[in-house]
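Tertiary structure, described
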Amino acid sequence: MLERCFGGRRLLKVKRLLRNGKLTLLCLALTVVVIRGYLGAGKFGTPQQDFREIRNRFSRRQAEPRRVLEEAGAGAGAAAEEKRSYGDVDIKTIWIDEDEEPERSDPNRPYTLGPKISDWDERRARWLKKNPNCPNFLRPDKPRVLLATGSSPKPCENPVGDHYLLKALKNKIDYCRLHGIEIFYNMALLDAEMAGFWAKLPLIRKLLISHPDIEFLWWMDSDAMFTDMAFEIPWERYRDSNFVMHGWDHMVYGQKNWIGLNTGSFLLRNCQWSLDILDAWAPMGPLKVREEAGKMLARELKDRPPFEADDQSAIVYLLVKEKDKWADKVYLESAYYLHGYWGILVDRFEEMMENYHPGLGDHRWPLVTHFVGCKPCGKFGDYPVERCLKQMDRAFNFADNQVLQIYGFMHKSLDNRKVKRTRNETDKPLEIKDKFGLIHPAFKAVKVSSS
Amino acid sequence: MGQDGITPQKRGGGLPTSTTTVNGRAGRGSILPRGRQIHRTFNNIKITILCGFVTILVLRGYIGLNLGSPDADAINQNLIEETNRILAEIRSDHDPDDVTEPYFDGNATFSLGPRISNWDHDRKIWLDLHPQFPSFVRGKPRILLVTGSPPNPCDNPIGDHYLLKAIKNKIDYCRLHGIEIVYNMAHLDKELAGYWAKLPLIRRLMLSHPEVEWIWWMDSDALFTDMVFELPFSKYDDYNLVVHGYPDLLFEQKSWIAVNTGSFLFRNCQWSLDLLDTWAPMGPKGPIRDEAGRILTANLKGRPAFEADDQSALIYLLISQKDLWMNKVFLENSYYLHGYWAGLVDRYEEMIEKYHPGLGDERWPFVTHFVGCKPCGSYGDYPVERCLSSMERAFNFADNQVLKLYGFRHRGLLSPKIKRVRNETVKPLEIVDQFDIRRTEHGSKASLG
C-alpha cells in the first residue's frame, strides 16, 4: 500500500530516512546520557548521587525558614545577606600572618634550646633572697608548683576535639584550685624546630628561667585527666630528686623498654641540673634529625616501633646511656599513678566508687588517667573514636563527682552529663562536712604567721 | 545462438561482477554494484565503531575507571560518617536517666534555698576559727572568679575552640593576680537554666567558701584585655555589688542595657544573699519567665520581647526597689569592667601605639565582652566573620601582654603564630625583674600565699 502511495523509489528514500533517523535518535540519546554522567551530580554521575543532591537542596530550603524564625525570636532584625551561621565560616580565611617567616637558624650549627646558663642555682638563690614575698615554698612541706599544659592555637581537626580539650582543662583547673597549684596553658609554638611532642622542652626551659619562684614544674599532656581530687603529691619523698616520672627502674635500666617510663605527666625541679638535662635531651628533637634518631631509637630500645624520634624514647635512651650522670636524681615513681594508662582503668570506675575512696592515687583510685593514643584533637588515633570519647566522658564525670560532692551534687551516672542533688540545701551551710575533706583541705591552708 | 550470450555482456558493463549475473539470478534489489557494497560496509563499520565508543563512555560513566586510589577516599568517607554519627550522639541532649519533671508550679514561691539570716555573723566566727583560710591575703581580698559553659559541645566546633581560648585568657589574668577560678559545667538548678544559672551557682559558692571575700562572675564570651590592671578594691569598701553601668541610663532612661551582668562582683555577705533571693523569682523556666519577660519589656526602654533575662530583671529590681539596694551598689564606669566589643576591637593597633596596659578604660580596656556573638550557638546577632576575627584579635592582644615576659608576640593580631622579639639571654632574671607583671604592680607580688 505504501508502495502505491509513494512509489518505489520514493519508498526506498523514506525507508532510508527512517533508518537514519532511528540511528540519529539512538546516538543522540546515548550522547545525552554520557554528557549527563560527566556534568551531572557527583563524581561519577550516578543516579543515586543525583537523588542525594536533590534531597540535600530540598532539605536546606526547609532549614531556612526555621533560622529566620529563630533570628526574629532573638530580636535580631538585621539582613540575612552576610553569613550568620558559625557552621558556614572557615577560620582559616580569617587568619593573617603579618610578619614574615622568621629566619631559619644556621643549619650547620648544632641545635640548642638557648645560650648555656651555668650558674642558675646561685642566681636563683640570690633572687629568692631579694624577693621574700615570692617564696618558692608556700609551707615547709609544700613547694610552689606550676602545672604546664597546652594545645595548638588552631582549632582541632576533629570537630569535638576542642570540647574535650576544654573539659580536660576544667578538670585540671579543679585539681589545681584544690591543691594550690598554678596553671600555665600554652598555645604558642616557641620553636618551629621543636614542633609536636618536643614543643614542651623549649616551653619548660622558658618557664623555669622566667619564674624563679617556682620550685617544681609539672608538665601534663592535654589528654591526661586528674581522677583523684584528694591525692596530694608526697613532696617529701622527692626531697633529693630533681626529675620524677611514672615508671619502673627495671624496665628502663634493665630492659631499655621505651614505655618503661612516661613523659605525659612528670615533675621537674627548677635548678641547674634540670637545665642541663633539658640541654642533653633536646638534640634528638629538631625536625631535620628526627627521622634518623627515630631509627636509632627503634634499634636500641625494646619493642619500639620505627617512627620519628619522640621525647619519651629519647629520655629513656639518655638515662640508659648516661646513667651515672643522671640516674641518682631521677625518681621513677610506681607507687601511685602519676601517669595511669587509661586502658586498664576506665572500665573499673564503678568498682572503685563502690570499694574505695579518693586520696589513694594508685590502682584503687588513680591520680591521673592518661588517654595515650586517643588523640581527640586529631583525625586518626590508635583506638576507635567512640571508645576513646565515651571513656573520656566517664573519666571526666568520675573526677567531676569528687568536686561536685563538695557542693552537694553528683552526676546522674558516669555516662551522664546532667547532675542531681545529693544533699538538700540547708540553712546551716557551715556545718556541712563534705565526705573527702576537700572543701577546706589541709594542703590548701596558708601559713598562719603571714599577715 | 551465440548472440544471446554476448548481449548481456555488452549490456552489463565492464565490471567483473556483472558476469555472475549470467547464471540467471538477477533479482533487482539484491544485486548491488561493488562500489555500493563497499560503501555500505564502511557505513556499517562507522556505525559499529561509533556505537562501541558511546557504549564504553556510558559504561565508564556508571562503573568508573578506578584510576585513583579509592581506599583513602573510602576510609576518609567512613571516618567522616562515623565521626558525624558520634558527634550527633554527643551533641544530643539525650539523658538516659531522665525522669521528665513538670514545669515549676507557678503558685508556689520559688526560692534558691532555705532562708539564711545570720550569714555575716556565722561567717565571721568561721573566719576567726580558721586563720589558715583568711579572707585577705597580703592585704588583698580573696577573690573567686566564676565562669562556665554548657556541658554539651557547642553547635559548631569553632564555638568550643573560642571557649578554650577564653578560659586560657582568664587563667592567664588570674594567675598574674592571684585569683582562683571555678569553671562550671553543671546545671545546678533545673528551673534556673540559661543565663539564670549563675544565681544558684553564686549562692552555693558563697556559702561553701566563707573565706572568699568577693565572687566575680564573668561570662564565657568576655575576655581580659588588660593583663596589668588591678581592681581598685579600696573604692568598694562600703559596697557589696560592683557592676558596670551608668546612673542616668538606669534611673532616668530605664534602659535595659543600663548595667551589664556579664562581669560583676558580689561581696560574700548577708546583703548579697538577700539580693539573690529577691532577684531569682523572675527566673524559673516556663510561664513565670515568660510573664516576667512581658513585664520587663513593658517597663524597660528598648527591650525587645523575649523571656526574662537576669540583666533586665536586676535593672528592674534596682529601679523599683531603689531605696532598699542602691546604697550598696556601685555603678562602675571609670574603667571597662565590661567593655562592649564593637567600639573597642578596631582600635587595638591605635592603643598599642599610643598607650600601655594598666589603664583599664577606653585607652586600654580591661575587659572586652563579646555580647551578641554567641559563638557556642549556631547563629549570633552579628556577622560571624566579624565576631570571629574580633575575638581572635582580642585574644591575641591580651596574649601579647602575657608573652612579653617570654620574649615573644603574635605575628599580627589575626595570627595564631608567634615570633621572637627578644633574644635568649644568659641573665634571665634581669628580664624577670623588668617584665614580670606580678612584680611591676605596686612592687608587691600577688600570689596565693
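Coordinates for the structure precede this section.
1. Description of the overall build of chain A
- The helix and strand tally for chain A stands at 13 helices and twelve strands.
- Within chain A, the proportion of its 451 residues that are buried is 52%.
- Contacts spanning at least 24 positions in sequence make up 72% of the contacts within chain A whose residues lie at least 6 apart.
- As presented, chain A carries roughly 22300 Å² of accessible surface, and 55% of it is formed by carbon and sulfur atoms.

2. Some words on unusual backbone geometry
- Even without a glycine there, the phi angle at Lys-375 of chain A is positive, about 45 degrees.
- Positionally, Lys-375 of chain A belongs in the loop between strand 10 (368–370) and helix 13 (385–404).
- Under the relative-accessibility criterion, Lys-375 of chain A is labelled partly exposed at 42%.
- One non-glycine residue, Arg-138 of chain B, adopts positive backbone phi at about 55 degrees.

3. Observations concerning the interface of chain B and chain A
- Counting from both sides, the interface comprises 127 residues of chain B and, opposite them, 114 residues of chain A.
- Both sides of the chain B and chain A interface together cover about 10800 Å² of buried area, and 63% of this is carbon and sulfur.
- By the criterion of area lost to chain A, the three top residues of chain B are Leu-164, Tyr-379 and Arg-411 of chain B, representing 7% of everything that side buries.
- In this assembly, chain B and chain A are joined by seven salt bridges.
- A salt bridge links Glu-180 of chain B to Lys-444 of chain A, with the shortest nitrogen-to-oxygen separation between them at 3.1 Å.
- Taken together, the connections running from chain B to chain A amount to 25 residue pairs in polar contact (both at pLDDT 80 or more).
- The element contributing the most residues to the side of chain B that touches chain A is helix 6 (residues 157–177) of chain B, with twelve residues.

4. Overview of the sheet that holds strand 4 (residues 180–184) of chain B
All names here are of chain B.
- Pairing in this open sheet of six strands is mixed, and the strands run 4-3-5-8-7-9 from one edge to the other. A single partner strand is all that each edge strand has here, and the edge strands are strand 4 and strand 9 (329–332). Geometrically, the sheet is characterised by an average inter-axis angle of 25 degrees between neighbouring strands, direction not taken into account.
- As defined by bridge partners, strand 3 (residues 143–148) adjoins strand 4 across five bridges and the pair is classed as parallel.

5. A word on the packing of helix 5 (residues 161–179) of chain A against helix 13 of chain A
All names here are of chain A.
- As a packed pair, helix 5 and helix 13 sit with axes 11 Å apart at the nearest point and diverge in direction by 25 degrees. The angle between helix 5 and helix 13 falls in the class roughly parallel. In this structure, the crossing between helix 5 and helix 13 has a hand that is left-handed. Where helix 5 approaches helix 13, its residues Tyr-164, Lys-167, Lys-170, Asn-171, Asp-174, Arg-177 and Leu-178 are matched on the opposing element by Leu-389, Met-392, Asp-393, Phe-396, Ala-399, Asp-400 and Val-403.
- Residues of the contact of helix 5 with helix 13, tallied by class, amount to seven nonpolar, one polar and six charged.

6. Brief notes about empty space enclosed by the protein
- Counting across every chain of the model gives 14 cavities of 30 Å³ or more.
- If you go around the largest cavity, you meet 14 residues; those closest to its centre are Ile-181, Glu-182 and Ile-183 of chain A together with Ile-179 and Glu-180 of chain B.
- Elements that contribute at least two residues to the lining of the largest cavity include exactly helix 5 and strand 4 (182–186) of chain A together with helix 6 and strand 4 of chain B.
- Looking at side-chain class alone, the lining of the largest cavity contains nine nonpolar, one polar and four charged residues.
- Counted by class, the lining of the second largest cavity contains ten nonpolar, one polar and five charged residues.

7. Here we look at helix 9 (residues 287–300) of chain A
All names here are of chain A.
- With 14 residues, helix 9 should cover 20 Å at 1.5 Å per step; its first-to-last C-alpha distance of 20 Å lies within 8% of that length.
- Along its length, helix 9 reaches its greatest deviation from straightness, about 25 degrees, at Ala-293.
- Three or more residues of helix 9 are buried, namely Arg-290, Ala-293, Gly-294, Met-296 and Leu-297.
- Lining the buried residues of helix 9 we find helix 10 (311–321).

8. Describing the side chain of Asp-174 of chain A
Residue and element names in this part refer to chain A.
- Following the sequence through the fold, Asp-174 ends up in helix 5.
- A distance of 3.2 Å separates the side chain of Asp-174 from the side chain of Arg-177, its partner in a polar contact.
- Discounting chain neighbours no more than four positions away, the residues touching Asp-174 are Met-229, Asp-400 and Val-403.

9. Comments concerning the nonpolar core
- Among the nonpolar cores identified, the biggest contains 237 residues, and Trp-218 of chain A together with Trp-216 of chain B are the most heavily contacted of them.
- Ignoring anything within four residues of it in the chain, the contact list for Trp-218 of chain A reads Val-145, Leu-146, Leu-147, Ala-148, Tyr-175, Ile-181, Phe-226, Ile-233, Ser-265, Phe-266, Leu-267 and Leu-338 of chain A.

10. Side note on a nonpolar patch on the surface
- Together, Ile-38, Phe-42, Ile-45 and Ile-49 of chain B line one region of the surface with nonpolar side chains, adding up to about 400 Å² of accessible area.
- Considering the arrangement of structural elements, one finds Ile-49 of chain B in helix 3 (residues 34–63).

11. Side note on the pattern of salt bridges
- One pass over the full model with this rule turns up 58 salt bridges over all chains.
- Measuring nitrogen to oxygen at the nearest pair gives 3.9 Å for the salt bridge that ties Arg-394 of chain A to Asp-415 of chain A. One end of the pair, Arg-394 of chain A, is in helix 13; the other, Asp-415 of chain A, is in the loop between strand 11 (409–411) and strand 12 (419–421), and 21 residues separate them in sequence.
- By relative accessible area, Arg-394 of chain A is classed as buried at 7%.
- In this structure, the salt-bridge partner of Glu-350 of chain B is Arg-347 of chain B, at a minimum N-O distance of 4.0 Å.
- Look at Arg-347 of chain B and you get partly exposed, because its relative accessible area is 24%.
- The network of salt bridges with shared partners includes Lys-170, Asp-174, Arg-177 and Asp-400 of chain A.

12. Regarding the packing of aromatic side chains
- Here the structure, examined in full by the defined rule, presents 43 aromatic pairs over all chains.
- The interplanar angle of 75 degrees and the centroid separation of 6.5 Å between the aromatic rings of Phe-243 of chain A and Trp-273 of chain A together place this pair among those described as edge-to-face. Linking Phe-243 of chain A in strand 7 (residues 243–247) with Trp-273 of chain A in helix 8 (residues 272–281), this pair joins segments that are 30 residues apart in sequence. We note that Phe-243 of chain A, like Trp-273 of chain A, is buried.
- The interplanar angle of 40 degrees and the centroid separation of 5.9 Å between the aromatic rings of Trp-214 of chain B and Phe-233 of chain B together place this pair among those described as tilted. Note that Trp-214 of chain B is positioned in strand 5 (residues 214–218) and Phe-233 of chain B in the loop between strand 6 (222–224) and strand 7 (241–245), a separation of 19 residues in sequence.
- By relative accessible area, which is 2% here, Trp-214 of chain B ends up buried.
- Three or more aromatic residues link up through ring pairs in this structure, and these residues are Tyr-173, Trp-216, Phe-224, Phe-229, Tyr-335 and Phe-366 of chain B.
- The ring centre of Phe-307 of chain A lies 4.1 Å from the NZ or CZ of Arg-304 of chain A, which sits over that ring.

13. Describing the state of the cysteines
Residue and element names in this part refer to chain A.
- Enumeration over the complete set of coordinates arrives at four disulfides over all chains.
- Here Cys-374 connects covalently by a disulfide to Cys-388, the sulfurs 1.9 Å from one another. An S-S torsion of about -90 degrees defines the bridge between Cys-374 and Cys-388 as left-handed. Here Cys-374 is found in the loop between strand 10 and helix 13, whereas its partner Cys-388 is found in helix 13, with 14 residues between them in sequence.

14. Examining the pairing of strand 7 of chain B
All names here are of chain B.
- Burial within strand 7 is extensive, with five of its five residues counted as buried.
- Every second residue of strand 7 is oriented toward a common face, with Leu-241, Val-243 and Gly-245 on one face and Val-242 and His-244 on the other, all of them buried.
- As paired strands, strand 7 and strand 8 (residues 259–267) are joined by five bridges and run antiparallel to one another. Residue Val-243 lies in a different strand from strand 8, and its bridge partner there is Phe-264.
- The pairing of strand 7 with strand 9 spans four bridges and is parallel. Bridged to Val-242 within strand 9 is Phe-330.

15. Observations regarding the pairing of strand 4 of chain A
Residues and elements named next belong to chain A.
- Extensive coverage of strand 4 is indicated by the burial of five of its five residues.
- Burial of the side chains of strand 4 extends over both faces: Glu-182, Phe-184 and Asn-186 are buried on one face and Ile-183 and Tyr-185 on the other.
- Where strand 3 (residues 145–150) lies against strand 4, five bridges are found, and the strand directions are parallel. Bridge pairing in strand 4 links Gly-150 to Asn-186.
- Tracing the backbone out of strand 3, into helix 5 and back to the parallel element strand 4 gives a crossover that is right-handed.

Rules of the game
Residues numbered from 1 in each chain as written. Chains lettered and ligands numbered in written order. Predicted model: local features only at pLDDT ≥ 70, side-chain atom pairs only at ≥ 80, totals over all residues. Heavy atoms only, no water. Helix = DSSP H or I, 4+ residues; strand = E, 2+ residues; numbered from the N terminus. Buried < 20%, exposed > 50% of the residue type's maximum accessible area, 1.4 Å probe, protein only. Contact = heavy atoms within 4.5 Å. Areas by Shrake-Rupley, 256 points an atom, 1.4 Å probe, with all protein chains shown as cover. Buried area = accessible area lost by both parts, 1.4 Å probe. Salt bridge = Lys/Arg side-chain N within 4 Å of Asp/Glu carboxyl O. Polar contact = N/O pair within 3.5 Å; in protein donor to acceptor, adjacent residues only side chain to side chain. Pairing = 2+ DSSP bridges. Axes fitted to C-alpha atoms, helices over the stretch in contact; angles between N-to-C directions. Parallel < 35°, antiparallel > 145°, perpendicular 65-115°, else oblique. Left-handed = near helix turned anticlockwise from the far one by under 90°. Nonpolar A, V, L, I, M, F, W, Y, C, P; charged D, E, K, R; others polar. 1 Å grid on protein atoms, 1.4 Å probe; cavity = no way out; pocket = protein on both sides within 12 Å on 5 of 7 lines; lining within 4 Å. Points joined across faces, edges and corners; volume = space filled by probe spheres on them. Expected span 1.5 Å × (residues − 1). Bend = angle between axes of the 7 residues up to and from the residue. Core = buried A, V, L, I, M, F, W, Y, C linked by side-chain atoms within 4.5 Å. Patch = residues over 30% accessible without salt bridge, like charges linked within 9 Å, V, L, I, M, F, W, Y side chains within 5 Å. Phe/Tyr/Trp six-rings, centres within 6.5 Å; stacked < 30°, edge-to-face > 60°. Lys NZ or Arg CZ within 6 Å of the ring centre and 35° of its normal. Disulfide = S-S within 2.5 Å. Right-handed = clockwise from strand over helix to strand, strands pointing away.

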